[in-house]
Structures are given as structure tokens and as C-alpha cells.
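Structural characterization, general
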Amino acid sequence: QVQLVESGGGLVQAGDSLRLSCAASGVTFSRHAMGWFRQAPGKEREFVASISWTASPAVYADAVKGRFTISRDNAKNTVYLQMNSLKPEDTAVYYCARRPAFGSTSLFPSDYTYWGQGTQVTVSS
């Protein structure tokens, strides 16, 4: 059974940093592109970043480019999202998701087959 478990969220001030982790189990992690999405109250789920199963390339939403970095450690079956220079508009529940084996990076939630339960990130001004 595939499981994705996010951690690392919390309450921070604007300008602070957080690192989110997503631990995968029940899957050959290294074969799958992974993505991070977020959803703020009253808004649709939006793309944040995606990383290829080969770890390159990585793609980012314009809103986070230059501030967030996605990475993966296949030995630990974990994908990370390093978030720097956080802004109040980054406040959302952050989800990690897995693409089918050997798929490319994708911006679209419908391209991902498994999702974690989410972790809350709140950035105060």
C-alpha cells in the first residue's frame, strides 16, 4: 500500500524558512516523479514544484521560483521542499504527490496518482 506522509509544517513569521518532508512507503520511490502542491482556504489546489524521478529537471511555480527548492533523497524515500523568504501568501496546506512510474514532472494535479494528507504552513506578517 502506497503511503505519502508529509511533515515539517508550522507557524512562522514572514521572511523565515521551513523545510517540508514527504516520506514514501510501499513504492519503488526512485522511479517516480514527485510534486508539491498547496491549497489555501477557499482556493483551488495549486502547483508548487515538481522533480523528475532522475532528480533533474525540477520545475517551479512562478510564485515560488527563487525562494523554494525541491529535492529528493532516494535512499531515504523522501522528497523535500525547502521554503525560504516565506510570505503570508504562502499560507496553505501543502501536499506531496506521486506520479506514475517513469512519468515526467507535471504541473497538473490530475497527473498524480497518490497524495499525502497534507501539512499546514502558516506565515504571519
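Refer to the preceding data block for the structure.
Residues numbered from 1 in each chain as written. Predicted model: local features only at pLDDT ≥ 70, side-chain atom pairs only at ≥ 80, totals over all residues. Heavy atoms only, no water.

With antiparallel pairing, the four strands of this open sheet are ordered in space as β1-β3-β8-β7. Strands with a single pairing partner mark the edges of an open sheet, and in this sheet they are β1 (3-7) and β7 (68-73). Each strand of the sheet is rotated relative to its neighbour by a mean of 15 degrees, with strand direction disregarded. Where strand β3 (residues 18-25) lies against strand β8 (residues 78-83), six bridges are found, and the strand directions are antiparallel. When the sheet's bridge partners are listed, Arg19 is paired in β8 with Gln82. (Pairing = 2+ DSSP bridges. Helix = DSSP H or I, 4+ residues; strand = E, 2+ residues; numbered from the N terminus. Axes fitted to C-alpha atoms, helices over the stretch in contact; angles between N-to-C directions.)

All right, on to the state of the cysteines then. Scanning all chains against the criterion turns up one disulfide. The disulfide partner of Cys22 is Cys96, and the S-S distance across this bridge is 1.9 Å. Across the disulfide from Cys22 to Cys96, rotation about the S-S bond amounts to roughly 45 degrees, and the bridge is consequently right-handed. A residue pair is termed long-range when its members are at least 10 positions apart, and Cys22 in strand β3 and Cys96 in strand β9 (residues 92-101) qualify at 74 residues. For the pair formed by Cys22 and Cys96, the shared burial category is buried. (Disulfide = S-S within 2.5 Å. Buried < 20%, exposed > 50% of the residue type's maximum accessible area, 1.4 Å probe, protein only.)

Before going further, it helps to spend a moment on the environment of Gln39. Looking at the secondary structure, you find Gln39 in strand β4 (residues 32-39). Judged by its relative accessible area of 27%, Gln39 is partly exposed. Among all residues touching Gln39, those that are not within four sequence positions of it are Glu44, Arg45, Ala92, Val93 and Tyr95. Within polar-contact distance, the side chain of Gln39 engages the side chain of Arg45 at 3.4 Å. (Contact = heavy atoms within 4.5 Å. Polar contact = N/O pair within 3.5 Å; in protein donor to acceptor, adjacent residues only side chain to side chain.)

Along the chain, Arg99 turns up in strand β9. Buried and unpaired, Arg99 has no salt bridge, with Asp111 as the nearest side chain of opposite charge at 4.4 Å. A distance of 2.7 Å separates a polar side-chain atom of Arg99 from the backbone oxygen of Ser104. (Lys, Arg positive; Asp, Glu negative; His and termini not counted. Salt bridge = Lys/Arg side-chain N within 4 Å of Asp/Glu carboxyl O.)

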